[in-house]
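Remarks on the overall topology
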Amino acid sequence: MKSGEINIQYIKGVGEKRLQLLEKLGIKSLDDLVHFYPRDYLDFTDLTPISKIEPSSVCVFCATVGFDPVAGYTGRGKATFKTTVTDGTGTVHVTIFNSRFAASALHAGEEYLFYGKVTKSKNGLEMANPTMESLDREPGLRPVYPLTAGITSGVITRIIENALPLYFEAESNAAIPDDIRRKFNIAHEKFALSTIHFPKNKADLEIARRSLIFEELLTLQAGMRLLKSHDRGKTDYRIERDCSDEFIGSLPFTLTGAQLRTVRECIADMKRDIPMNRLVQGDVGSGKTAVAAALLYTAAKNGMQSAMMAPTEILAGQHFNTLSAMMKGTGLKVALLTGSATAKSKREIKQAVAQGKIDILVGTHALLSEDVAFSRLGFVVTDEQHRFGVRQRGTLASKGLHPHTFVMSATPIPRTLSLIIYGDLDLSVIDELPKGRQKISTYAVDSSYRKRIYAFIRKHLDKGLQAYIVCPLVEEGESDLISAGEYAETLKEKEFADYRIGLLHGKMKAKDKEKTMSRFLSGEIQLLVSTTVVEVGVDVPNAVIMVVENAERFGLSQLHQLRGRVGRGKEKSYCILITDAGGENAKARMEIMCRTNDGFQIADKDLELRGPGDFFGSRQHGLPELKIASLTENMDLVRQTRNACDAIFHRDPELNEKENVGLKAAVKKLFSEENHLSLN
Ligand code: ADP
Ligand code: MG
């Protein structure tokens, strides 16, 4: 029988009621059960003589019970059972509350292990409700499981004890192929699983943990690898002649080293007949558009049509203007197709595209879903697509088109992480800003500065410049936070009565958002009050102040994105973070923002201070949830499993060989339906 076919209700200790409790813990199968790992261990091996116990510390000692526990009551009427235990070096008064059952396990004159916190009072050392064990069990580390109401760690321990042999008897293929296991010094699954639940000592536990983490990371990377090779198909479009240099030479500036490197990497990809599938990560202002332009030019010169897509119409409009200017005099045709154009102009553009008269078509993502037919689409550029998960990346290929694709993202992710998150994409990084960029001065202040900040903003608006004020999203019941709508109203009535204020928030219709944004872009709106919807990269060079209210509510990377909305023109720009949060962590985060403008450094710090939740919590990257591995703490194993993956895929790119059956099954399980990924 396969492990998946064993009903856990019939495992000794489970029964109908516990079945439901287990389900609450996410345990539905035997497989889930044996992979339900302890969150901690009680270490019964590290004994302390009573005389050496530091009061208030958690420790384990071995001692003889002086007399059978004596029943009594506390002042509040709680049942107590008291005894005194000794190990020859000292004594401890032990009190067990409310459990006759626990107390009855202790017998005068016998030795036990006591685990818990020891406190000191006028009576001497005391211990309340210790975890106790008799000496007939082998001393070791005892698992502590994540719990739900109605089930104790002890119950889960016994259920797993019964489940493990069933699991090992069942037919299954190990996820880690044998030769890989040997090469990377990984333990057998049987050892790893038994030990993670019931370790004999810390050294064994370490080996087991490492093995299970290795297995999980290998599975994750193998899954990403399968996605990467999936559906790529072949393309009819290849770059035969690299003419990027002539384009680059025509630009009014010199490309940075990082920009040049990225162009080279892409051209190399596009010389092959496997479609390019590349992500470029570059901080705001690092010049991703110029890179895209060099590629668009080269693609066109090699006979391809291209599409360039942006998440909003405004952004598409900006790209159109930039590209039109850059392509002037090259003889290439650039066109803009947006929903708001007249029916007639849309028709004309579509026709020209279908006839192959347009080389570069700019628009929103609707370009691909609408009835736009290209005559020779060979290259697709997508801007700011970082919000899309793994799943969406396949859309193009699934339409039966296999153009080269180039995705631009301004969300810096620590490099080590992006290797995994974007494991299905090739990655280029623009980690260098053009020379001579002025730093955006950043300040963190408390709300007592608000009046002064308003005056500072007014001074700039009077000079014809513009500003943003960003508020966090407000959930109902969060009364101490300011919602963008109310905020804008008050400003309109008071401090900014003589100014033109606009409001932008997520609940607005896409069309209204765009309208507001373009009124801001044209200068009609001077001060824009907004939620984070303003994050996505519209360029308003005239905006020079970014104020963020309740700044502690934002992740560092998000603050950095927001800050990137200013400093895009010639004028000196400012970012002002308002927060009244006094915690150490909040302070540390504000301090980092004031100290550096480097998005990658900020991303690393964000990871350190907030943990990977910011990158993975919202599942924005569509990665499956991990049980034991941590992408940030197990970097070393991330690298090793990457190498292991290389070896495996080199031999068996689709994981169809017999030795990889287990791995493929593990991949399918990890990337199961709740992660919305389909792997065939
Ligand atoms: P982002 O990476 O944020 O999309 P953009 O492509 O919009 O950045 O570039 C920001 C600005 O920097 C643009 O005005 C662009 O013309 C300019 N720029 C790009 N590359 C360079 C460079 N190598 N030297 C100087 N300016 C550059
Ligand atoms: Mg951009």
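Residues numbered from 1 in each chain as written. Chains lettered and ligands numbered in written order. Predicted model: local features only at pLDDT ≥ 70, side-chain atom pairs only at ≥ 80, totals over all residues. Heavy atoms only, no water.

**Side note on the side chain of Ser 573**
Counting through the fold element by element, Ser 573 comes out in the loop between helix H19 (556-563) and strand E22 (574-578). Residue Ser 573 is classed as buried on the basis of its relative accessible area of 2%. If we skip the residues at most four places from it in the chain, Ser 573 touches Gln 438, Lys 439, Ile 440, Ser 441, Ala 543, Val 544, Val 566 and Gly 567. (Helix = DSSP H or I, 4+ residues; strand = E, 2+ residues; numbered from the N terminus. Buried < 20%, exposed > 50% of the residue type's maximum accessible area, 1.4 Å probe, protein only. Contact = heavy atoms within 4.5 Å.)

**So, the nonpolar core**
Judged by nonpolar contacts, the single largest core of 67 residues is most densely connected at Leu 323, Met 327, Phe 379, Phe 406, Tyr 468, Met 517 and Leu 559. Tallying contributions element by element places helix H10 (residues 288-301) first for this core, with ten residues. Ignoring any residue separated from it by four or fewer positions in sequence, one finds Met 327 in contact with Phe 247, Ala 293, Leu 296, Tyr 297, Leu 332, Val 334 and Ile 360. Listed in part, the 59 residues of the second largest apolar core include Val 14, Leu 217, Met 224 and Leu 227. (Core = buried A, V, L, I, M, F, W, Y, C linked by side-chain atoms within 4.5 Å.)

**Here we look at the sheet that holds strand E21 (residues 543-548)**
Spatially, E17-E22-E21-E18-E20-E19 is the arrangement adopted by the six strands of the open sheet, whose pairing is parallel. The open sheet is flanked by strand E17 (441-445) and strand E19 (501-504), the only strands paired with a single partner. For this sheet, the mean inter-axis angle between neighbouring strands, taken without regard to orientation, is 15 degrees. Sheet topology places E19 next to strand E20 (residues 527-530); four bridges connect them, and they run parallel. Note on E20: the bridge partner recorded for Leu 503 is Val 529. (Pairing = 2+ DSSP bridges. Axes fitted to C-alpha atoms, helices over the stretch in contact; angles between N-to-C directions.)

**Here's the deal with the site of ligand 1**
Around ligand 1 sit 15 residues, and of these Thr 254, Gly 285, Lys 288, Thr 289 and Arg 437 come closest. Contacts to ligand 1 include Gly 285, whose backbone N or O atom sits 2.6 Å from an oxygen atom. Between ligand 1 and Lys 288, the relevant distance is 2.8 Å, taken from an oxygen atom to a side-chain nitrogen or oxygen of the residue. Contact with the protein chains hides 75% of the accessible area of ligand 1, taken as 570 Å² for the molecule alone. Counted by class, the shell around ligand 1 contains four nonpolar, seven polar and four charged residues. (Near = heavy atom within 4 Å. Polar contact = N/O pair within 3.5 Å; in protein donor to acceptor, adjacent residues only side chain to side chain. Areas by Shrake-Rupley, 256 points an atom, 1.4 Å probe, with all protein chains shown as cover. Nonpolar A, V, L, I, M, F, W, Y, C, P; charged D, E, K, R; others polar.)

**A short note on the sheet that holds strand E16 (residues 426-430)**
What the seven strands build is an open sheet, ordered E12-E13-E11-E14-E15-E10-E16; its pairing is parallel. Looking at which strands have only one partner, the edges of the open sheet turn out to be strand E12 (334-337) and E16. Pairwise comparison of adjacent strand axes, ignoring direction, gives a mean angle of 20 degrees for this sheet. Here five bridges tie strand E14 (residues 377-383) to strand E15 (residues 404-409), and the two strands are oriented parallel to one another. Bridged to Phe 379 within E15 is His 404. Strand contacts of helix H9 (residues 257-270): strand E10 (277-282), E14, E15 and E16, with the helix running at about 160 degrees to E16, the strand carrying the most contacts.

**Observations regarding the packing of H10 against helix H11 (residues 313-327)**
With their axes 11 Å apart at the nearest point, H10 and H11 run at an angle of 55 degrees to one another. In terms of orientation, H10 lies oblique with respect to H11. As for how H10 packs across H11, the hand of that crossing is right-handed. Two secondary-structure elements touch here, H10 through Thr 289, Ala 290, Ala 293, Leu 296 and Tyr 297 and H11 through His 319, Thr 322, Leu 323, Met 326 and Met 327. Here the contact of H10 with H11 is built from residues that sort into seven nonpolar, three polar and no charged. (Parallel < 35°, antiparallel > 145°, perpendicular 65-115°, else oblique. Left-handed = near helix turned anticlockwise from the far one by under 90°.)

**A short note on the confidence of the model for the protein**
Across the protein, pLDDT averages 86, with 89% of residues at or above 70. Segment residues 613-620: pLDDT under 50, and 26 contacts once partners within four positions in sequence are set aside and those in other chains are kept. Note on residues 673-680: pLDDT under 50 across the span, and 21 contacts to partners over four residues away in sequence or across chains. (pLDDT = per-residue confidence, 0-100.)

**What about the packing of aromatic side chains?**
Evaluation of the coordinates by the stated rule reveals eleven aromatic pairs. Between Phe 184 and Phe 214 the ring centres are 5.4 Å apart and the planes differ by 40 degrees, which places this aromatic pair in the tilted class. Separated by 30 residues along the polypeptide, Phe 184 in the loop between helix H5 (178-183) and helix H6 (189-197) and Phe 214 in helix H7 (residues 202-229) bring together distant segments of the chain. For Phe 184, a relative accessible area of 12% gives the class buried. Exposure remark for Phe 214: the relative accessible area of 0% places this residue in the buried category. Ring geometry for Phe 496 and Tyr 499: centres 5.7 Å apart, planes at 65 degrees, overall edge-to-face. Accessibility classification places Phe 496 together with Tyr 499 in one group, the buried group. Cluster of aromatic residues (ring-pair linked, three or more members): Phe 61, Tyr 112 and Phe 114. (Phe/Tyr/Trp six-rings, centres within 6.5 Å; stacked < 30°, edge-to-face > 60°.)

**Quick look at the packing of H11 against helix H18 (residues 510-521)**
Two elements in contact, H11 and H18, have axes separated by 9 Å at closest approach and are oriented at 45 degrees. Taken together, the axes of H11 and H18 are oblique relative to one another. Seen from H11, the contacting residues are Glu 313, Ile 314 and Gln 318; seen from H18, they are Glu 514, Met 517, Ser 518 and Leu 521. In the contact of H11 with H18, the residues fall into three nonpolar, two polar and two charged.

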